[in-house]
Amino acid sequence: MSQLSSPDKTFTVSAGHSVGKRQRISLLLPVVCLFIIMLAGLASLALGDTLFSWSAVFQSLTSSEDSMTRFIIMELRMPRLLTGLLAGAALGMAGCIVQSITRNPLGTPDLMGVSAGASFAIVLGFVVLSLPPSAMLVMGTAGGFAAGFLTFAIAWKTHLNPIHLTLSGMSIALFFTAGLTLLLVSADSDVNGLYYWLAGSLLNRTWQHVDQLWLFVFLGLGMGVIFSRPLNLLMLDDMTSRALGFPVQRWRLILGLTSVVLTAATVAVAGPISFVGLVAPHVVKLLLKQSLSRSSLSDAAESAQPLQMDHRILLPLSAIVGATLVCVADLVARIQEVPVGILCILTGGPLFVYLIRKQGGYDH
Amino acid sequence: MSAPIPYSQQNDSRRHTPFTQVSSQAMTDNHSAFYWPVMLMTTFLASLITLSSAMADYPVTVQDDRSKSITFEKQPQSVASISVFGADLMWALDQQATGLSTLNHRQSAYLGDQVSRMKDLGEVHETDMERLTELNPDLIIGLRQYTEPFASKFEEIGQFLAFDLVTQEDSEQAIMTVTRALDQAQQGQALNQNFQALKEEFKQKAPGEVSAILIWHWADTLYAFYNHYLSTDIMQSLKVENAMGRSPTPALKKPDSSVLSMERLLRLNPDVILSFTGDEAPISYHPVWQRLKAVQNKRVYRINDQYVMPHGPVAREMVLREMAHLFYPDQFPAPDNIPDAARAKPLTFSER
């Protein structure tokens, strides 16, 4: 037993009991999310222009016969589902990383200029260079990396100070957005499809897109999980971290590049679905706070290492919530083939507002 | 540079000739005892029509698709077209627009050589006002969707008529409005009547039992036109089922097309696919293509501007004749009055 003091009152809790509850709480959310993903995923495979029964879906997943049903489920719906899951996971984690390295709760992958850079490069490739759709990944990744590189290069002189990094990223994002606008106004008159893509879309995605995306996403997710401890330390004041001998600038660069990798590859394949990067980490934090307030864990016990601030938990959960959000949004989006980026806002937005109103926010 | 060949004098015996050619054709084919008296009578009547045109009852007031009344104090002598429709109609009337806008930064190939004699007025949605002002046209013809915010600017330059141009009714109304403004209403009426007659003639001859879809794309996003769009309406008049079907909001002209997923295309599986935009087959890497009847039977065609801007008298007739040939090659021969650059070409999808 240990005694913990707070300015107001004294709590007595069991350390072992506390760790157990923390683990249960941090396990509950991913389990719930994975359950939702599984249901939404199965629904995504069953629903579409042609409706399939659950048994047809399971048969397609387990057999290798060359039927039209299996072709639709495995060649058309499955890659779309996987692209959405990978994109959502990547953007959720990238958003969490950006919010942490810039210490900005409004941070999104857009804040590094990566989404704008990737979008600009892709539209440039189509409108000016008349490249085929297969060049999207190369152009998007190159544009995203170029924008990320410029953001970090500009802020380098100030040791990647969070404020300077934010301002630098915003400037680069605005620069590429201006270029994108210029391309849009000078583009052909048939730009409906271009706007459709810019709203974020999973329409007509194939295994080719999954192949292009999965390596980048797993690499980024792996880096995020491995580097979650340094990310915790980046939440401290820079002066304090440096006094402790922590190489702030190096880790901010490494983690920033991780978010660049995740975002650039995703935008190249699914278009800019930026809202996921903003909302997923906040949903995780709000849900964790809600879970904690319902449990018998004391504020004082949590104040030592707030669960919603621990990136070892926050990063994977943000990825899972991001994947869930995109998966559910795409399930709705495919009814009328609305861009999934819009549906992410329409489905994730109300949830976000509900949580904020219920919780009254949380301390960053 | 050779002089432009008036549309009515184009050499295509199968083409249902517009109004201007109807009377002379009938007479030269019948060298009877009545030939010369009829010729003299015709010449006299033509002189009367010309005289009455010169003395037409101006001012003439017409209403465009903005529901705006425009009054012409005298017959417009020069016409600038900031949509293909205007240039097309002028060609059908054996005249020529002084300026023409582009689509996707290209002049419409179906209009042939004459476009090289027209001033390039910039892309259809962003007219070069300076060049338009230099032309000083009496009449400007444009599309409402692209010109609405700048209508007052156009009106400062010349009389301005703006049209919606989605359905066949739009096409007919626009032709009547412009020809009334030009004091050529009879010709306009004849163009519409002839086209309707031609559609009926083709309908009688068409065997039917074919399905098709008219698509366009940007990157990997495909769109398909609904039933009410003029090109798909022509398709249906040939007893071809438009696989995309009718709009979910039939009371509204827009949208005239909608996003099409490859899964839906697979379910629709039309016999013929007509694809607009781009040299390359749209998202050719997609596995669905190889499962489509149209691809297996090599009945996917890249089509040209006239299919997405079919509202002029020349374009809609070309679309009708070419579609008839593409759908029923045994019954309808390939039309020979379409410039090579504007002809439909087969698209190939290699397996990857």
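For clarity, every value in this text was computed on a predicted model and none was experimentally measured.

Q: Can you explain the pairing of strand E4 (residues 99-102) of chain B? Please cite residues and give values.
A: Residues and elements named next belong to chain B. With two bridges joining them, strand E3 (residues 79-81) and E4 adopt parallel strand pairing. Its bridge partner being in E4, Ser81 is matched across the sheet by Leu100. Note that E4 and strand E5 (residues 119-123) share three bridges and pair parallel. Residue pairing across strands places Gly99 opposite Lys119, the latter belonging to E5.

Q: So what about the sheet that holds E5(B)? Which residues, and what values?
A: Residue and element names in this part refer to chain B. One open sheet holds the five strands; their spatial order is E5-E4-E3-E6-E7, and the pairing between them is parallel. Among the strands making up the open sheet, the edge pair consists of E5 and strand E7 (159-163). For this sheet, the mean angle separating the axes of adjacent strands, direction not counted, is 20 degrees. Bridge count for strand E6 (residues 139-143) against E7 is five bridges, and the pairing is parallel.

Q: A description of unusual backbone geometry should follow, citing residues and the corresponding values.
A: Residue B:Lys254 is joined to B:Pro255 through a cis peptide bond whose omega torsion reads 5 degrees. In this fold, B:Pro255 is placed in the loop between strand E10 (240-242) and strand E11 (257-260). The backbone of A:Arg103 shows a phi angle near 50 degrees, a positive value even though the residue is not glycine. Counting through the fold element by element, A:Arg103 comes out in the loop between helix H3 (68-101) and helix H4 (114-127). Despite not being glycine, B:Leu165 has its phi angle at roughly 55 degrees, a positive value. Residue class for B:Leu165 comes out buried when judged on its relative accessible area of 7%.

Conventions adopted
Residues numbered from 1 in each chain as written. Chains lettered and ligands numbered in written order. Predicted model: local features only at pLDDT ≥ 70, side-chain atom pairs only at ≥ 80, totals over all residues. Heavy atoms only, no water. Pairing = 2+ DSSP bridges. Helix = DSSP H or I, 4+ residues; strand = E, 2+ residues; numbered from the N terminus. Axes fitted to C-alpha atoms, helices over the stretch in contact; angles between N-to-C directions. Buried < 20%, exposed > 50% of the residue type's maximum accessible area, 1.4 Å probe, protein only.

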